[in-house]
Amino acid sequence: MDRIAIINPDAPGEIIENLKKMDFEPILIPRTGLVDRPLAGHPDIQIFVHGNRVFCHPDISVSFVSRIEKHAAVTLCPTTLSRAYPADVTYNIACTGKWAFRHSAGSDLLVEEYLRSQRITAVGVSQGYAKCSTVIVDERSIITADASIHRAASERGIGSLLISAGHIDLPGYKYGFIGGATGLWEDLILCSGTLVRHPDYAMIEDFIITRGKKIVPLGAMAAVDLGTIFVL
């Protein structure tokens, strides 16, 4: 397979099999012991992906890097993860078009340098789990339940749909985030389960369809926050 989908090793088997049916090779990111267990297998905690570039925390598995480096340019960054927030969100960045939304404390030095080299402006927000909280629909459209991200995006001319918080499962926490339950591939919004029981589903679906995209549920279960599905 020429396409890989980086995904949480806790993903249900149904999701893995459906990715294979779509001709993706699922690559399970190794769990890290540096963050709380519910987040240990979340790709958007351990890596930042932009185009064909992948920035990884320095303690990531060598075998994982070897599996993805034929699909992307991989950079090992100096900033180690830890359980103490916001040290667990260093790579959790929602990047769309010319803007990258991340915690106000900043992200890894090499990531920040890369963003500047691409003329992408880093925008500090109060929500550290910025990528978890954000569905990237296209370069000028996002969906989020976080008011700080919604406000920052709207102020910069990005179409942002603000939805109700919650209604996304994340075992170990009260609830998860919609960005962590999705992934973007061309005109498809891949979803780790179905969103039909979300109270704002009609708005979510309409927002996505009007931008020429389509929601693809990868399972019949309710959507769960597994950390973003990254396709390369």
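Residues numbered from 1 in each chain as written. Predicted model: local features only at pLDDT ≥ 70, side-chain atom pairs only at ≥ 80, totals over all residues. Heavy atoms only, no water.

Now for the sheet that holds strand β4 (residues 53–56). Ordered in space as β3-β4-β5, the three strands form an open sheet in which the pairing is mixed. Here the strands that pair on one side only, and so sit at the sheet edges, are β3 (47–50) and β5 (73–76). When the angles between neighbouring strand axes are averaged without regard to direction, this sheet yields 15°. (Pairing = 2+ DSSP bridges. Helix = DSSP H or I, 4+ residues; strand = E, 2+ residues; numbered from the N terminus. Axes fitted to C-alpha atoms, helices over the stretch in contact; angles between N-to-C directions.)

This next bit is on the environment of Ser61. Inspection of the secondary structure assignment puts Ser61 in the loop between β4 and α3 (62–68). Note: C-alpha distance between Ser61 and Pro38 (23 residues apart in sequence) is 19 Å. A polar contact is formed between the side chain of Ser61 and the side chain of Ser63, at a distance of 2.6 Å. (Polar contact = N/O pair within 3.5 Å; in protein donor to acceptor, adjacent residues only side chain to side chain.)

What follows is about the packing of aromatic side chains. The tally for this structure, following the rule as stated, stands at six aromatic pairs. Their ring planes at 25° and their centres at 6.5 Å tell us that Tyr129 and Phe177 sit as a pair that is stacked. Of this pair, Tyr129 sits in the loop between β8 (121–125) and β9 (134–138) while Phe177 sits in the loop between β11 (159–162) and β12 (182–185), and the two are 48 residues apart along the sequence. For Phe177, a relative accessible area of 22% corresponds to the partly exposed category. Seen in terms of ring centroids, Tyr175 and Phe177 are 6.3 Å apart; in terms of plane orientation they differ by 90°. Their pairing is edge-to-face. On the basis of relative accessible area, Tyr175 is assigned to the partly exposed category, the value being 36%. (Phe/Tyr/Trp six-rings, centres within 6.5 Å; stacked < 30°, edge-to-face > 60°. Buried < 20%, exposed > 50% of the residue type's maximum accessible area, 1.4 Å probe, protein only.)

Here the focus is the pattern of salt bridges. Counted according to the given criterion, the structure contains seven salt bridges. Among the salt bridges present, the one from Asp10 reaches Arg31, with a minimum N-O distance of 2.7 Å. Within this pair, whereas Asp10 is found in the loop between β1 (3–7) and α1 (13–21), its partner Arg31 is found in the loop between β2 (24–28) and α2 (43–46), the two being separated by 21 residues in sequence. You can call Asp10 partly exposed: its relative accessible area is 33%. Of the residues examined, Arg31 reaches a relative accessible area of 44% and is grouped as partly exposed. Salt bridges here are not isolated pairs; linked through shared partners, they connect Asp10, Arg31 and Arg37. (Salt bridge = Lys/Arg side-chain N within 4 Å of Asp/Glu carboxyl O.)

To continue, consider unusual backbone geometry. For the peptide bond that leads from Tyr85 to Pro86, omega is 10°, which places it in the cis range. Assignment of secondary structure puts Pro86 in the loop between β5 and β6 (94–96). A positive phi is found at Arg119, a non-glycine position, where the angle reads about 60°. When you line up the elements, Arg119 lands in the loop between α4 (109–117) and β8. The class of Arg119 is exposed, set by a relative accessible area of 71%. The backbone of His167 sits at a positive phi, close to 70°, despite the residue not being glycine. Relative to the elements of secondary structure, His167 occurs in the loop between β11 and β12.

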